Structures are given as structure tokens and as C-alpha cells.
Amino acid sequence: MGGFSSHNLAFAFGLLGNIVSFFVFLSPLPTFYKIYQKKSTEGFQSVPYVVALFSAMLLMYYAFLKDNDGILIITINSFGCLVETIYIVVYLFYAPKKTKVYTIKLLSLMIVGFGLIFILTQFLAKGPTCLQIVGWICLVFSVSVFVAPLCIVKQVIRTQSVEYMPFSLSLTLTLNAVMWFFYGFLIKDFNIAIPNVLGFVFGIIQMVVYGVYKRKGTKKLALVVEGQKIMAAIDAHQMLEKQVIADHVIDVAKLSELVAD
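Attention here is on the structure that accompanies the text. (Residues numbered from 1 in each chain as written. Predicted model: local features only at pLDDT ≥ 70, side-chain atom pairs only at ≥ 80, totals over all residues. Heavy atoms only, no water.)

Digging into unusual backbone geometry
Convention followed: What counts as a helix is a DSSP run of H or I of at least four residues, what counts as a strand is a run of E of at least two, and both are numbered from the N terminus. Buried residues are those whose accessible area, probed at 1.4 Å on protein chains only, stays under 20% of the maximum for their type, while exposed residues exceed 50% and partly exposed ones sit between those limits.
If you check the backbone angles, Lys39 has positive phi at about 55° while not being a glycine. Here Lys39 shows up in the loop between helix H2 (29-38) and helix H3 (47-65). In the Ramachandran plot, Lys188 falls in the positive-phi region, its phi being about 60° despite a non-glycine side chain. Tracing the sequence through the fold places Lys188 in the loop between helix H8 (167-186) and helix H9 (190-260). For Lys188, a relative accessible area of 66% puts it in the exposed group.

A look at the packing of aromatic side chains
Quick note on the threshold: Stacked, tilted and edge-to-face are the three classes assigned to paired rings of Phe, Tyr and Trp, where Trp is represented by its six-membered ring and a pair needs centres within 6.5 Å; plane angles under 30 degrees give stacked, over 60 edge-to-face, the rest tilted.
This structure, assessed with the given rule, holds 16 aromatic pairs. The interplanar angle of 25° and the centroid separation of 4.9 Å between the aromatic rings of Phe22 and Phe79 together place this pair among those described as stacked. In this pair, Phe22 sits in helix H1 (residues 6-26) while Phe79 sits in helix H4 (residues 71-94), placing the two residues 57 residues apart along the sequence. Judged by relative accessible area, which is 23%, Phe79 ranks as partly exposed. Look at Phe93 and Tyr94: their rings are 4.9 Å apart centre to centre, the planes differ by 90°, and that puts the pair in the edge-to-face class. Take Tyr94: its relative accessible area is 16%, and that puts it in the buried class. Among the aromatic residues, those joined into a cluster by ring pairs are Phe13, Phe181, Phe182 and Phe185.

Put into C-alpha cells, the structure is as follows:
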């Protein structure tokens, strides 16, 4: 029975959480490849990546404060900090001036905010109190990571297009939430468990919206293609009528010449 202890199960879910989180952090790669190809950020938002970077930094800080059960949080969030930083640099490189300025302001706010959190918790709180405060802050921003992509959901509903909401990201976020919920639950760390309940719900919402508007987009495309076929048929018919009229005019002209002769 020792193999099924809560500690071993927690480690297993934490390890699975690391694996799934690895793919979560890599899931925007198709988005950034598209940005690279078009040399433009188009309708893509920088907010999810800035929030994800801030959350990863906070979770690393929180994990360093924990005496136990922190290593699996440190490993994946250190990777997350690296990847999100690369995404933001690429985004800034291809973003238009207005969007670039907005993203830089967000980054500046994030850096100042993290610095204040670090200084205040280190000097005004000690031991368990410091850990508890940082844990609450992590809880709030972990929820923000799951909520941030919902701004893209709003855009999907407004444009009725799923172009800017990758399904892979929504799916991996949902699976990720499941793994980290059980990890947090088993180590009795509800600062990790609670936000992942909301993460699961938000992930399901995103996938439902994707499914609805993906079908609508397919139907709309089919209607456009059908309309193009109809217009092409009408144009062909009109051209045929014009050709018949032209041939008729020529025949009348020839007949007139013969009568004149």
C-alpha cells in the first residue's frame, strides 16, 4: 500500500502536471509561427503572455518559500518564465507601435508589482505569514492566467471567427488544471488547488465556444463558396446571352449586305 500513499500520488500528479504544463507553455508556438510568417501580430493579444509570465514568477517565489513540495513547481515555472519571455520579445518585435507601447506598459507594471510583492513580503512578513500572503497572491494571479484567454473568447464571439483562439491551448489548459488540482489537493495546498478548479471551468467554456463558432465558420464558408458558384453560373449565363445576341447581330448585318447586293 506504500506505493499508493498520498505523497507518491502527489508526486505522480505533480510530474504529470509538469509534462502537461510543458505543452501548455509550448502550445502558442503555432500562433507565433503565424506571426513570424505574416510579420504582424494582427489580432493576437499580448495580455495572456504577460499575465502568464507574472504568474510563473510568483509561483517560483512561492515554491522557494515552501520547505517541502516546492521542487516540481520550481522546475516547470522556471521553464515557463523562459518561454513566456521569448514569446513577449517576439510579440514586441512584430507588434505595431500602439500595441508595442501598451505591452511595454504592462511589462513595466508587472516588474514593479513583483518587486513590491518581494520587498514587502520579505521585510514586513516572516515565516508562515510570508508564505500565506504570497500563496494568496499566487491564487489570484493563477486565476488571472485562466481568465486572460477569455478576452480572446470575447473577440471570437464578436468576429464569429476562431482564427485567434487556438484549440490546442484551451485543451492543454484544461488538462493542466486537472493535474495541478489533484497535486494541490493531495499536498493540502489550496492556493494551488482552488484556482485550478476555475481553470478547468474556463477551459471547458473556451472549448465549447471554439466548437460553436468553428461550425458557424464552416457553414459560413460553405455558403460563401455556394454563393460564388451561383454568381459564376449567372456570369456564364449572361456571357452566353451576350454571345448569342452578338452572333444574331452579325447574322442580321450579313443578311442586310446580301439584300443590298
